[in-house]
Amino acid sequence: MANKQFDVVVIGAGPGGYIAAIRAAQLGLSTACIESDAYADPKGEVRLGGTCLNVGCIPSKALLRSSELFDEANHSFVMHGISVEGIKVDVGTMVRRKDNIVTQLTSGIRGLFKKNKVTLLAGRGSFRGREDELWQLEVTGKEGTEVVEAKHVIVATGSSARHLDGIPVDNRIICDNAGALAFDSIPKRLGVIGAGVIGLELGSVWKRLGSEVTILEALPDFLAAADPAVAKEAWKAFTQKQGLKIHLGVKIGAVKQGKKGGVTQLSIDYENGEGVQNLECDRLIVSVGRVPNTAGLGADNVGLKLDERGRVDVNDHCQTNLENVWAVGDVIRGPMLAHKGMEEGVMVAELIAGQAGHVDYDAIPWVIYTHPEIAWVGKTETQLKNEGVAYRTGQIPFLANGRALGQGDTTGFVKMLADAATDRILGVHVIGANASELIAEAVVAMEFGASSEDIARICHAHPTLSETMHEAALAVDKRPLHF
Ligand code: FAD
Ligand code: NAI
């Protein structure tokens, strides 16, 4: 029997892959998407959506919301004159709610594949070779291996949690992101290695639910990628107001498991400037970054080039060194963010279809879903200083915003950085409630090459948190109206 042939075969159905497949199909290309059983449901059925839908963005935000409600009921209702007694958490219900959201969304992608006529090939995909300008891919699933052929291949195999030598992850006691999203009870003492995005988001979730959380971070600086003023404000909020214990500049030593009163306990040795320290905890999250999924892809069979960090090597248009082979998302350079992967998926599908796809890597927003939320787009002050760019700054605290006061949530600020000569917006940094939503205005502004004066002259609804963006723009020109 002849092999199945497609215009495009995508390997991996995470945000980069499923979006690339849907867009390619929309553009009239016959398209298939290969997905392994990495996130199969209890019946062994392949689940689409990758890390993001199964063990990343979506489940983490579902738990985040539950934990925030619990925290508000415990600490914030009282200032509104509302008292509630006997508040309890049922972790089982909370985790089931999260699982239901995941199921709803992952089956939603199946529906989208059907609607757009994307063929799903269940199994692990790998390169076999190329004949007559057609790439040959093996798909190894439950029923054995089949070979499919494609004019174009898009590698979207994503990333997996990086683990540390000597700290074996069992996703029960020592967990990466997968286990940390599925605890069956609230650990009394939770250790976290890595004060990056996952450590802070998930550390905050379990802290709000009642765990005593200690985060051990190798770097001497906190949130080094964020604007320094934001990092400073976040440090204050997390450590002083919320009681997260964060130790910086540590070197992790031996991690031992033992039992006390029949209960498993962990003992973590670490060194800091003051010598060897020890942390005892009941569970540990290891969140020290992610590694690209290229093992088993058959890269060597076809000479697919990887870079020095094991990622698929691509140019600005996500083309690899092989003709008609592309790669998108976490498996290539750039930030490991779902929306970045999705944009690349659209770009590649459009380029394959002969259109002018493009990703503006300078306007990709970052959001850290802690409380307060942290969001930014463009350059930080540190970057501008290092690049010798002259800039003006406008910064407005949420304390000066009526809506923030009404909501009882006034932590943080909006800070805008604009070119000193042209006034073009170079970066916007938000720490505060709804920062994840507020940043969209700044992204649009930057995409349109707006100046701070453009934002200052745009009418913002009152009373809204977005007025803080307006005031920050006015503040760039030293003329805020409400501060
Ligand atoms: P993935 O989502 O990793 O998908 C790759 C897919 O390829 C997987 O389904 C895998 O099974 C499949 N695959 C791999 N190899 C093969 C093969 N050989 N054959 C067949 N299939 C294969 N990003 C955000 O933007 N916002 C967030 O809020 C956010 N929160 C996160 C929270 C957590 C806890 C984590 C871990 C990540 C979070 N991320 C977030 C990052 C986001 O999940 C990733 O950037 C995104 O999922 C990357 O998409 P991708 O398609 O490149 O890869
Ligand atoms: P990360 O790169 O954000 O943070 C890892 C942290 O661990 C760093 O601060 C690093 O210095 C530290 N670290 C590394 N090795 C260490 C060691 N041996 N001991 C102590 N500390 C060590 O990675 P994280 O948190 O694992 O998340 C992975 C990626 O997933 C993120 O970079 C991001 O791209 C994505 N993500 C995005 C989210 C969002 O957009 N809101 C949420 C969660 C994850």
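Along each chain, residue indices are assigned from 1 in the same order as the chain's sequence is written. Chains carry letters from A onward and ligands carry numbers from 1 onward, assigned in written order. For a predicted model such as this one, the threshold for reporting local features is a pLDDT of at least 70, and the threshold for listing and counting side-chain atom pairs is 80 or more; totals across whole chains, interfaces and linings nevertheless cover every residue. Side-chain figures throughout are based on the complete set of non-hydrogen atoms in the structure, without hydrogens or water.

1. Points about the site of ligand 2
Part 1 of the reasoning: Of all residues adjacent to ligand 2, which total 22 residues, the nearest are Glu201, Glu217, Gly289, Met336 and Val367.
Part 2 of the reasoning: At 2.8 Å from a nitrogen atom of ligand 2 is found a side-chain nitrogen or oxygen belonging to Glu201.
Part 3 of the reasoning: Contact distances for ligand 2 include 3.1 Å between a nitrogen atom and a backbone N or O atom of Ala218.
Part 4 of the reasoning: The accessible surface values rely on the Shrake-Rupley method and a 1.4 Å probe; as for residues, cover is taken only from the protein chains in view. Computed on the free molecule, ligand 2 has an accessible area of 830 Å², of which 77% lies beneath the protein chains in the complex.
Part 5 of the reasoning: Secondary structure elements with two or more residues in the shell around ligand 2: α6 (197-208) and β18 (366-368). A cutoff of 4 Å decides nearness: a residue is near a molecule or strand if any of its heavy atoms lies inside that distance of it. Side-chain atoms alone can form a polar contact between residues adjacent in sequence; in general such a contact is a pair of N or O atoms within 3.5 Å, and within protein one must be able to donate a hydrogen while the other accepts it. Where helices and strands are cited, they refer to DSSP runs of H or I of at least four residues and of E of at least two residues respectively, numbered from the N terminus.

2. Here's the deal with the layout of surface pockets
Part 1 of the reasoning: Grid points spaced at 1 Å and placed over the protein atoms alone form the basis of the search, with a cavity being a set where a 1.4 Å probe fits but cannot get out and a pocket an open set showing protein on both sides within 12 Å along at least five of seven lines. Lining residues have an atom within 4 Å of a point. Grid points are joined across faces, edges and corners, and a volume is the space filled by probe spheres set on the points. Size it by volume and the second largest pocket reaches roughly 880 Å³.
Part 2 of the reasoning: Elements that contribute at least two residues to the lining of the second largest pocket include exactly α3 (57-76), α6, α7 (228-241) and α12 (435-447).
Part 3 of the reasoning: Of the residues forming the lining of the second largest pocket, the biggest block, six residues, is contributed by α3.
Part 4 of the reasoning: Residue polarity is assigned by list, with Asp, Glu, Lys and Arg as charged and Ala, Val, Leu, Ile, Met, Phe, Trp, Tyr, Cys and Pro as nonpolar; anything else, Gly included, falls into the polar class. Looking at side-chain class alone, the lining of the second largest pocket contains four nonpolar, 12 polar and 10 charged residues.

3. Re the pattern of salt bridges
Any two side chains of opposite charge can pair if their charged atoms end up close together.
Part 1 of the reasoning: Definition used for salt bridges: Asp or Glu carboxyl oxygen within 4 Å of a side-chain nitrogen of Lys or Arg. Applying the stated criterion across every chain, the model contains 26 salt bridges.
Part 2 of the reasoning: For Asp227, the salt bridge goes to Lys415, with nearest N and O atoms at 2.6 Å. Remark: Lys415 occurs in strand β21 (residues 413-419) and Asp227 occurs in the loop between β10 (212-216) and α7; sequence separation between them is 188 residues. Here Asp227 matches Lys415 in class, with each residue buried.
Part 3 of the reasoning: Note that Lys379 and Glu387 form a salt bridge whose closest N and O atoms lie 3.0 Å from each other.
Part 4 of the reasoning: Judged by its relative accessible area of 30%, Lys379 falls in the partly exposed class.
Part 5 of the reasoning: Accessibility here uses a 1.4 Å probe with only protein chains present; expressed as a share of the type maximum, an area under 20% marks a residue as buried, one over 50% as exposed, and anything in between as partly exposed. In this structure Glu387 comes out as partly exposed when scored by relative accessible area, which is 43%.
Part 6 of the reasoning: Linked by salt bridges that have partners in common, Asp227, Glu381, Lys385 and Lys415 make up one network.

4. With respect to the packing of α3 against helix α4 (residues 91-116)
Part 1 of the reasoning: Where helices are involved, their axes are fitted lines through C-alpha atoms of the stretch in contact, as for all axes, and angles between N-to-C directions lie from 0 to 180°. The N-to-C vectors of α3 and α4 enclose an angle of 145°; their axes lie 9 Å apart at closest approach. Note on packing geometry: the crossing formed by α3 with α4 is right-handed. Here Ile58, Pro59, Ala62, Leu63, Arg65 and Ser66 of α3 come into contact with α4, specifically with Met94, Arg97, Lys98, Ile101, Val102 and Leu105.
Part 2 of the reasoning: A per-class count over the contact of α3 with α4 returns eight nonpolar, one polar and three charged. In this scheme, a crossing is called left-handed if the near helix is turned counterclockwise away from the far one by less than a right angle; it is called right-handed if the turn is clockwise. Working rule for contacts: check all heavy atoms of both residues, and any pair within 4.5 Å makes them a contact.

5. Considering the nonpolar core
Part 1 of the reasoning: Core analysis: the biggest nonpolar cluster contains 56 residues, and Phe113, Phe127, Val153, Ile154, Val155 and Leu304 have the highest contact counts within it.
Part 2 of the reasoning: Among the elements that make up this core, the one with the highest residue count is helix α1 (residues 15-26) (seven residues).
Part 3 of the reasoning: Residue contacts for Leu304: discarding those within four places in its chain leaves Phe127, Leu297, Ala299, Val312, Thr320, Asn321, Leu322 and Val325.
Part 4 of the reasoning: The definition of a nonpolar core used throughout is a set of buried Ala, Val, Leu, Ile, Met, Phe, Trp, Tyr and Cys residues joined through side-chain atoms within 4.5 Å. Counting residues in hydrophobic clusters, the runner-up holds 37 residues, among them Cys175, Leu181, Ala195 and Leu200.

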